[in-house]
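Commentary on secondary and tertiary structure
Given next are the chains, with one letter for each unit.
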Amino acid sequence: MVIPDVHVPYQDDMSLHALEKYMADNVFDEVIYIGDLLDFGQVSKFNQGSPKEESHKLSDDYKIAGKILDRHISIIKKNNKKAKFTLLEGNHEERIERWIAKNPQVEDMIEVSVGLKLGERKVNWVRSWSKGELYKIGKAYFSHGLYTNQYHAQKMVNNFGVNIYYGHTHDHQSFSKILKGKDKTVEGMSLGCICDEQSYMQGRPNNWQQGFGVFNFDKDTGFYNMSFVKIFNHSFISPEGKFYK
């Protein structure tokens, strides 16, 4: 299962609840959070001088995100004790790194790996945004994403040249390209988000789409099939045809 931008404390709890019901009904080998699990608006340069945002405690956000991780770990491991968990760094998590660079006195105290106790929870940490690291399973690569232009899926495919799945844009978009000389098709897809509209949107129209990805891999060849599951009104129909709300 691949879960896109949750943006704690702006997570959509009702959609997460439906997602967790689906988790409990199925067996997964791994859960990948592809970045922006946390929003970190209180350290954003866009919120400087905003008492409402700056006074919001980092520790509170870490507690919320930690509880989400603990719920997911508990649910998934009931069906598969060997299941793995991976968190990619998004541009919002990288806000903390930039803030620490300006305030080095708190180094080793508030990083994501520390605040979320990733070592204790045995969650793999991939520096997708700050170091450009990709996470690979079989023939699929996972990134937080880079681009926000109109045709970002096409740009991801053209620039990376691999099957690549990402978040960042909060919408759902796909692009495939047949490489005849190499006899293969590559695909890029953004997987939406699982967050509520945030205050900076100010009610303006947007193309955000809640959803998540489900992947099935052939262990021998690395080939796979994937489903993008759209969430509407906190509910969805799973790839298996069951309704969740």
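Quick note: structure is the one above.
Read on for an overview of the structure. (Residues numbered from 1 in each chain as written. Predicted model: local features only at pLDDT ≥ 70, side-chain atom pairs only at ≥ 80, totals over all residues. Heavy atoms only, no water.)

**A word on the pattern of salt bridges**
The final tally for this structure, using the stated rule, is 7 salt bridges. Residue Arg 71 pairs with Glu 20 through a salt bridge whose shortest N-O separation is 2.8 Å. Of this pair, Arg 71 sits in helix 3 (residues 58–79) while Glu 20 sits in helix 1 (residues 13–25), and the two are 51 residues apart along the sequence. Assessed through its relative accessible area of 10%, Glu 20 is described here as buried. (Salt bridge = Lys/Arg side-chain N within 4 Å of Asp/Glu carboxyl O. Helix = DSSP H or I, 4+ residues; strand = E, 2+ residues; numbered from the N terminus. Buried < 20%, exposed > 50% of the residue type's maximum accessible area, 1.4 Å probe, protein only.)

**As for the packing of helix 1 against helix 3**
Between helix 1 and helix 3, the least distance of the axes is 9 Å, while the angle of their chain directions is 20°. Relative to helix 3, the element helix 1 is oriented roughly parallel. Between helix 1 and helix 3, the contacting residues are Leu 16, Glu 20, Met 23 and Ala 24 on the first element and Ile 68, Arg 71, His 72, Ile 75, Ile 76 and Asn 79 on the second. (Axes fitted to C-alpha atoms, helices over the stretch in contact; angles between N-to-C directions. Parallel < 35°, antiparallel > 145°, perpendicular 65-115°, else oblique. Contact = heavy atoms within 4.5 Å.)

**Quick look at the pairing of strand 11 (residues 224–230)**
Here strand 10 (residues 211–217) runs beside strand 11; their pairing, made up of 7 bridges, is antiparallel. Paired with Phe 215 across the strands is Met 226, a residue of strand 11. (Pairing = 2+ DSSP bridges.)

**Things to note about a positive patch on the surface**
A cluster of like positive charges, contributed by Lys 136, Lys 139, Lys 182 and Lys 184, occupies part of the molecular surface. Position of Lys 184 among the secondary structure elements: in strand 9 (residues 184–191). (Patch = residues over 30% accessible without salt bridge, like charges linked within 9 Å, V, L, I, M, F, W, Y side chains within 5 Å. Areas by Shrake-Rupley, 256 points an atom, 1.4 Å probe, with all protein chains shown as cover. Lys, Arg positive; Asp, Glu negative; His and termini not counted. Charge placed at Lys NZ, Arg CZ, Asp CG, Glu CD.)

**Digging into the environment of Lys 63**
In this structure, Lys 63 sits in helix 3. Overall, the relative accessible area of 56% leaves Lys 63 in the exposed class. Lys 63 sits 174 residues away from Ile 237 along the chain, and the two C-alpha atoms are 30 Å apart.

**Some words on the side chain of Ser 15**
Considering the arrangement of structural elements, one finds Ser 15 in helix 1. Apart from residues lying up to four places away in sequence, Ser 15 is in contact with Ile 194, Gln 210, Ile 231 and His 234.

**Examining the pairing of strand 2 (residues 30–33)**
Going residue by residue along strand 2, you find Glu 30 and Ile 32 tucked away on one face and Val 31 and Tyr 33 tucked away on the opposite face as well. Of the strand pairs in this sheet, strand 1 (residues 2–3) and strand 2 are connected by 2 bridges, and their pairing is parallel. The residue of strand 2 that forms the bridge with Ile 3 is Tyr 33. A crossover connection joins strand 1 to the parallel strand 2 through helix 1; in handedness this β-α-β unit is right-handed. For strand 2 and strand 3 (residues 84–88), the ladder comprises 4 bridges, and the chain directions are parallel. Residue Glu 30 lies in a different strand from strand 3, and its bridge partner there is Lys 84. (Right-handed = clockwise from strand over helix to strand, strands pointing away.)

**Some thoughts on helix 1**
Over its 13 residues, helix 1 runs 19 Å from end to end, which matches the ideal 18 Å to within 8%, given 1.5 Å per residue. On its buried face, helix 1 is in contact with strand 1, helix 3, strand 10, strand 12 (236–237) and strand 13 (243–244). Its side-chain oxygen 3.2 Å from the backbone nitrogen of Met 14, Asp 12 forms the N-cap of helix 1. (Expected span 1.5 Å × (residues − 1). Polar contact = N/O pair within 3.5 Å; in protein donor to acceptor, adjacent residues only side chain to side chain.)

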